[in-house]
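Read off the chains here:
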Amino acid sequence: MGIEEYGGGQTGKSDILVVTTNDVPGHRVEQVIGEVFGLTVRSRHLGSQIGAGLKSLVGGELRGLTKTLVETRNQAMERLIEQARARGANAVLMFRFDVTEAADVGTEVCAYGTAVVLSKE
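Cut-offs and rules
- Every chain is numbered independently, its residues counted from 1 as its sequence is written.
- Reporting of local features is limited, given that this is a predicted model, to residues whose pLDDT is at least 70; pairs of side-chain atoms are given and counted only at 80 or more, and all residues count toward the totals for whole chains, interfaces and linings.
- Computation of side-chain values covers all heavy atoms of the structure but excludes hydrogens and water.
- We call two strands paired when DSSP finds no fewer than two bridges between them.
- Labels follow the DSSP assignment, with helices taken as runs of H or I lasting at least four residues and strands as runs of E lasting at least two, numbered in each case from the N terminus.
- For this analysis, residues touch if any pair of their heavy atoms sits within 4.5 Å.
- Working convention: axes come from line fits to C-alpha atoms, limited for helices to the stretch in contact. Angles between N-to-C directions cover 0 to 180 degrees.
- Only buried residues count toward a nonpolar core. Its members are Ala, Val, Leu, Ile, Met, Phe, Trp, Tyr and Cys residues joined through side-chain atoms within 4.5 Å.
- We call a residue buried when its accessible area falls under 20% of the maximum for its residue type, exposed when it is over 50%, and partly exposed in between, using a 1.4 Å probe and counting protein chains only.
- For patch building, the residue pool is restricted to those with more than 30% relative accessible area and no salt bridge; the joining distance is 9 Å between like charges and 5 Å between nonpolar side chains (Val, Leu, Ile, Met, Phe, Trp, Tyr).
- Here, Shrake-Rupley sampling with a 1.4 Å probe gives the accessible areas, and only protein chains in the shown set may cover a residue.
- The term salt bridge refers to a side-chain nitrogen of Lys or Arg lying within 4 Å of a carboxyl oxygen of Asp or Glu.
- Whether two aromatic rings pair depends on their centres lying within 6.5 Å, for rings of Phe, Tyr and Trp, where Trp uses its six-membered ring; planes under 30 degrees apart make the pair stacked, over 60 edge-to-face, and the rest tilted.
- Only when the NZ of Lys or the CZ of Arg is both within 6 Å of the ring centre and within 35 degrees of the ring normal is a charge said to sit over the ring.

A. Region of the structure containing the sheet that holds strand β2 (residues 27-42). The sheet built from four strands is open, its strands ordered β1-β3-β4-β2 with mixed pairing. The open sheet is flanked by β1 (17-18) and β2, the only strands paired with a single partner. Two strands pair when backbone bridges link them, and β1 and strand β3 (residues 91-102) are joined in this way by two bridges, in the parallel orientation. Bridge assignment links L17 to a residue of β3, and that residue is A91. Sitting on the sheet, helix α2 (residues 63-86) is in contact with β1, β2, β3 and β4 (106-120), with an inclination near 135° to β2.

This is how it looks when you write it as structure tokens:
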């Protein structure tokens, strides 16, 4: 797998700015809309679990699981952006991910932050 398969985050063409910071230099928060989130739960297929179990015996990166987690995070972030856009925001501040096991059958990934309307100062 190439490095592009391990990355995530926004592309340059999104109309919603997503940042992990509390503010954006050169911009003023005009309106706080509130919390937005994107949630997805993914299960692993049997082949993946067997492969991961075997790989854990000898050590090393579980590339298939890494790729699945990247795809899952990207999907959660896309859903967060869709929700922010639907609520009239043009930015999400204080963006974070939360990852947990979901009833031993999959991984829950939640992308969350605060939807706001920004304007240039």
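B. View of the nonpolar core. Residues V18, L80, A84 and V92 are the most contacted members of the largest nonpolar core, which totals 15 residues. Elements with a contribution of two residues or more to this core: β2, α2, β3 and β4. When residues in this core are grouped by element, the largest group, five residues, is from α2. Filtering out sequence-adjacent residues up to four positions away, A84 remains in contact with I16, V36, A89, V92 and A115. Listed in part, the six residues of the second largest apolar core include V19, V24, A91 and V116.

C. Local environment of a nonpolar patch on the surface. There is a patch of nonpolar side chains on the surface, built from F37, L39 and Y112 and spanning about 250 Å² of accessible area. Its location among the elements puts F37 in strand β2.

D. View of the packing of aromatic side chains. The final tally for this structure, using the stated rule, is one aromatic pair. Plain terms: the ring middles of F95 and F97 are 5.0 Å apart, the flat faces sit at 75° to each other, and that makes the pair edge-to-face. Exposure remark for F95: the relative accessible area of 9% places this residue in the buried category. The ring of F97 has R73 sitting right over it, with the charged end atom 4.5 Å from the ring centre.

E. Just the pairing of β3, in detail. The pairing of β3 with β4 spans 10 bridges and is antiparallel. Across the sheet, residue V92 finds its bridge partner in β4, namely A115. Linking β3 back to β4 in an antiparallel pair, the connection comprises three residues, with A103 at a positive phi of about 55°.

F. The arrangement of the environment of E78 in detail. You can see E78 is positioned in helix α2. Along the chain, E78 and G38 lie 40 residues apart, while their C-alpha atoms are 7.2 Å from each other.

G. Structural context of the pattern of salt bridges. Overall, the coordinates contain two salt bridges when judged by the stated rule. The salt bridge partner of D15 is R85, with a shortest N-O separation of 2.6 Å. Placement of the pair is D15 in the segment before β1 and R85 in helix α2, with a sequence separation of 70 residues. For D15, a relative accessible area of 46% puts it in the partly exposed group.

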